[in-house]
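Coordinate inspection notes
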Amino acid sequence: MRSARKISLSSVVRANAVISVGVSGGLSPQLNTGDLVFGNVVRTEKGEELPADPTLLTALETADIPVAAPRAVLFGADVIIASARDKARLFDQFGSLAVDLSSRRSPRGEGGGRSFAIRAIADPCSRALPPAALNAVTPDGGTRVLSVLLECAKAPRQFPALLQLGSDSEKALAALRGGLGGLLGRLLFSLDL
């Protein structure tokens, strides 16, 4: 009988760069729903600083992007930042414009460096997330619809805030779709694959 051989994904996949694209919570009062930000560094509570690849950042400067998108310090969180007070604290303490749950955990490119994050703001800093949203996202980015509905059944008053979050998330995703076509092509060209 042959023994099963484990193959690690990291031993199979080799990447020159990792470009992480998704939605984020706003920490800066200057950012609104649907605004794009380009993460030039990810900071963590433990003081880690994970810089983005300078080649990719330079490529952004020459890209024709239809939406204003500042370079931004992202806060690499381990949990969802739900309250407006916590968002304000992170903005003040770390100088981060947006909170990000995935960039610091995403694999880095070959050699440990070529990475970059593009985020669209789904919930602005002034808005607290409803409790039903805190366990709504699966580790692979899907939505736990049944869990959200059960939470709303327990506390129906949060349903309007949840609908607002859904609408804002759609606006953020539309901003990503509208601003990324030519941008991703330019970034890939800059990698000199």
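Moving on: the side chain of Gln-158. Note that Gln-158 resides in the loop between helix H4 (145-154) and helix H5 (159-190). Residue classification places Gln-158 among the buried residues on the basis of a relative accessible area of 9%. Setting aside anything within four residues of it in sequence, one finds Gln-158 in contact with Pro-130, Pro-131, Ala-132, Glu-151 and Cys-152.

This next bit is on the nonpolar core. Residues Leu-36, Phe-116, Ile-118, Ala-120 and Leu-176 are the most contacted members of the largest nonpolar core, which totals 13 residues. Ignoring anything within four residues of it in the chain, the contact list for Ala-120 reads Gly-22, Val-23, Ser-24, Asp-35, Leu-36, Ala-172 and Leu-176.

For the structure on display, the rule yields one aromatic pair. Between the aromatic rings of Phe-75 and Phe-94, the centroid separation amounts to 4.9 Å while the plane-to-plane angle is 45°, which identifies the pairing as tilted. In this pair, Phe-75 sits in strand E4 (residues 71-76) while Phe-94 sits in helix H3 (residues 84-94), placing the two residues 19 residues apart along the sequence. Across the pair, exposure class does not vary: Phe-75 and Phe-94 are buried alike.

With that settled, the discussion passes to the confidence of the model for the protein. Summarising the model, the protein shows a mean pLDDT of 77, and 71% of its residues fall at 70 or more. Confidence, expressed as mean pLDDT per element, reaches its minimum in the protein at helix H1 (residues 9-12) with 44 and its maximum at H3 with 94.

Turning to the pairing of strand E2 (residues 36-43), a few remarks are in order. In terms of residue burial, E2 counts as a mostly covered element, since six of its eight residues are buried. Both E2 and strand E6 (residues 115-123) contribute to a ladder of four bridges, which runs antiparallel. From the neighbouring strand, Gly-39 faces E6, where its bridge partner is Ala-117. When E2 meets E4, the two strands line up parallel, connected through five bridges. Looking across to E4, one finds that Phe-38 is bridged to Arg-71. Relative to strand E3 (residues 49-51), E2 runs antiparallel, the two sharing three bridges. By the bridge assignment for E3, Arg-43 is matched with Glu-49. The turn linking E2 back onto E3 is made up of five residues, and Gly-47 within it adopts a positive phi angle of 90°.

Parameters and conventions
- Residues numbered from 1 in each chain as written.
- Predicted model: local features only at pLDDT ≥ 70, side-chain atom pairs only at ≥ 80, totals over all residues.
- Heavy atoms only, no water.
- Helix = DSSP H or I, 4+ residues; strand = E, 2+ residues; numbered from the N terminus.
- Buried < 20%, exposed > 50% of the residue type's maximum accessible area, 1.4 Å probe, protein only.
- Contact = heavy atoms within 4.5 Å.
- Core = buried A, V, L, I, M, F, W, Y, C linked by side-chain atoms within 4.5 Å.
- Phe/Tyr/Trp six-rings, centres within 6.5 Å; stacked < 30°, edge-to-face > 60°.
- pLDDT = per-residue confidence, 0-100.
- Pairing = 2+ DSSP bridges.

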